[in-house]
Amino acid sequence: MKHFLNDECLEGVRKKVPKKWKACCDSFEHSTLACQYDIRIQYYGKKWGIPILDGGSSFKAISFCPFCGEKL
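Residues numbered from 1 in each chain as written. Predicted model: local features only at pLDDT ≥ 70, side-chain atom pairs only at ≥ 80, totals over all residues. Heavy atoms only, no water.

Novice: What exactly am I supposed to notice about the side chain of Gln36 here?
Specialist: Structurally, Gln36 can be placed in the loop between α1 (26–31) and β1 (42–44). Among the polar contacts made by the side chain of Gln36, one reaches the main-chain carbonyl oxygen of Glu8 at a distance of 2.7 Å. A polar side-chain atom of Gln36 sits 2.9 Å from the main-chain amide nitrogen of Leu10. Each residue touching Gln36, except ones within four places of it in the same chain, is listed here: His3, Asp7, Glu8, Cys9, Leu10 and Leu53. (Helix = DSSP H or I, 4+ residues; strand = E, 2+ residues; numbered from the N terminus. Polar contact = N/O pair within 3.5 Å; in protein donor to acceptor, adjacent residues only side chain to side chain. Contact = heavy atoms within 4.5 Å.)

Okay, structure coming up:
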């Protein structure tokens, strides 16, 4: 599926998570599969973060789950 800017939708596509990763809650699990125009969480090396839609060069790092509060 494509968006209005003709970019590919990432909903349902999990990218950038550790191989043996297990989500702390269902909401966090679903956010790794969310569209890039929703709240999407990805793993960047050693940090979890929310991508900023500026062409893919930056993200807002997070240390705790925004849904259940568990330390990541």
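Novice: Would you mind going over the pattern of salt bridges with me for this structure?
Specialist: One side chain can pair with another of opposite charge once the charged atoms of both are near each other. Inspection of every chain in the model, using the stated rule, returns one salt bridge. We note a salt bridge from Glu29 to Arg14, for which the minimum N-O separation is 2.4 Å. In this pair, Glu29 sits in helix α1 while Arg14 sits in the segment before α1, placing the two residues 15 residues apart along the sequence. (Salt bridge = Lys/Arg side-chain N within 4 Å of Asp/Glu carboxyl O.)

Novice: Would you explain the sheet that holds strand β2 (residues 47–52) in this entry?
Specialist: Through backbone hydrogen bonds, the strands of a sheet pair up, either in parallel or in antiparallel fashion. On the basis of which strands lie adjacent, the open sheet formed by three strands has the order β1-β2-β3 and antiparallel pairing. The sheet is open, and its two borders are formed by β1 and β3 (58–62), each paired with just one other strand. Neighbour-to-neighbour, the strand axes of the sheet open up by a mean angle of 55°, direction not taken into account. Here β1 runs beside β2; their pairing, made up of three bridges, is antiparallel. Paired with Tyr44 across the strands is Lys47, a residue of β2. (Pairing = 2+ DSSP bridges. Axes fitted to C-alpha atoms, helices over the stretch in contact; angles between N-to-C directions.)

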